[in-house]
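# Structural characterization, general
Residues per chain, in single letters:
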Amino acid sequence: QVQIVESGGGLVQPGGSLRLSCAASGSIFRIYYMGWYRQAPGKQRELVATLTSGGSTNYAEPVKGRFTISRDNAKNTVHLQMNSLKPEDTAVYYCNANMARTALDRAATYWGQGTQVTVSS
């Protein structure tokens, strides 16, 4: 069994910062990439940032230069540092991990339950 647990969401004023964390635990053989997505009310879930086990990153255009994704491979944890937050960043932020649970398994993607980020004055 695999668990993906996010933390660090909350309410912040425009221009402020938040740091999200996501920990993957359970039966894990290898994690290929971890990432963050978000879903605002009435909108589809969208990519925020991803980070591969090799260190390659990918950011959505709206967050480039403001958000930074980082990873602690030893702890199967990924962080999202969010600076210069805007009201349009308000959403539920979801973490995912693409991983193989054993050496024989094909990779699959697992999702967390999400954490709310609200940017408002």
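Data block above holds the structure.
Residues numbered from 1 in each chain as written. Predicted model: local features only at pLDDT ≥ 70, side-chain atom pairs only at ≥ 80, totals over all residues. Heavy atoms only, no water.

### Overview of the pattern of salt bridges
Using the criterion set out here, one finds four salt bridges in the structure. Glu 61 is the partner of Lys 64 in a salt bridge, and the nearest nitrogen-oxygen pair spans 2.8 Å. According to the relative accessible area criterion, Glu 61 is exposed, its value standing at 58%. Here Arg 66 ties to Asp 89 by a salt bridge, and the two come within 2.7 Å at their closest N and O atoms. With a gap of 23 residues between them, Arg 66 in the loop between strand S6 (57-59) and strand S7 (67-72) and Asp 89 in the loop between strand S8 (77-82) and strand S9 (91-100) connect regions that are remote in the sequence. (Salt bridge = Lys/Arg side-chain N within 4 Å of Asp/Glu carboxyl O. Buried < 20%, exposed > 50% of the residue type's maximum accessible area, 1.4 Å probe, protein only. Helix = DSSP H or I, 4+ residues; strand = E, 2+ residues; numbered from the N terminus.)

### What about the side chain of His 79?
Relative to the helices and strands, His 79 resides in strand S8. Assessed through its relative accessible area of 16%, His 79 is described here as buried. One polar contact links His 79 to Ser 21, side chain to side chain, over a distance of 2.8 Å. With near-sequence residues (within four places) excluded, His 79 lies in contact with Arg 19, Leu 20, Ser 21, Trp 36, Thr 68, Ile 69 and Ser 70. (Polar contact = N/O pair within 3.5 Å; in protein donor to acceptor, adjacent residues only side chain to side chain. Contact = heavy atoms within 4.5 Å.)

### Quick word on unusual backbone geometry
Phi at Asn 76 is positive, roughly 50°, even though this residue is not glycine. The backbone phi angle of Ser 84 is positive, close to 50°, even though this residue is not glycine. Note on placement: Ser 84 falls in the loop between S8 and S9. Under the relative-accessibility criterion, Ser 84 is labelled partly exposed at 40%.

### A word on the sheet that holds strand S1 (residues 2-7)
Strand order in the open sheet made by the four strands is S1-S3-S8-S7, with antiparallel pairing throughout. The sheet is open, and its two edges are formed by S1 and S7, each paired on a single side. The mean inter-strand angle of the sheet, taken between neighbouring strand axes irrespective of direction, is 15°. (Pairing = 2+ DSSP bridges. Axes fitted to C-alpha atoms, helices over the stretch in contact; angles between N-to-C directions.)

So yeah, pure geometry; function would need other evidence.
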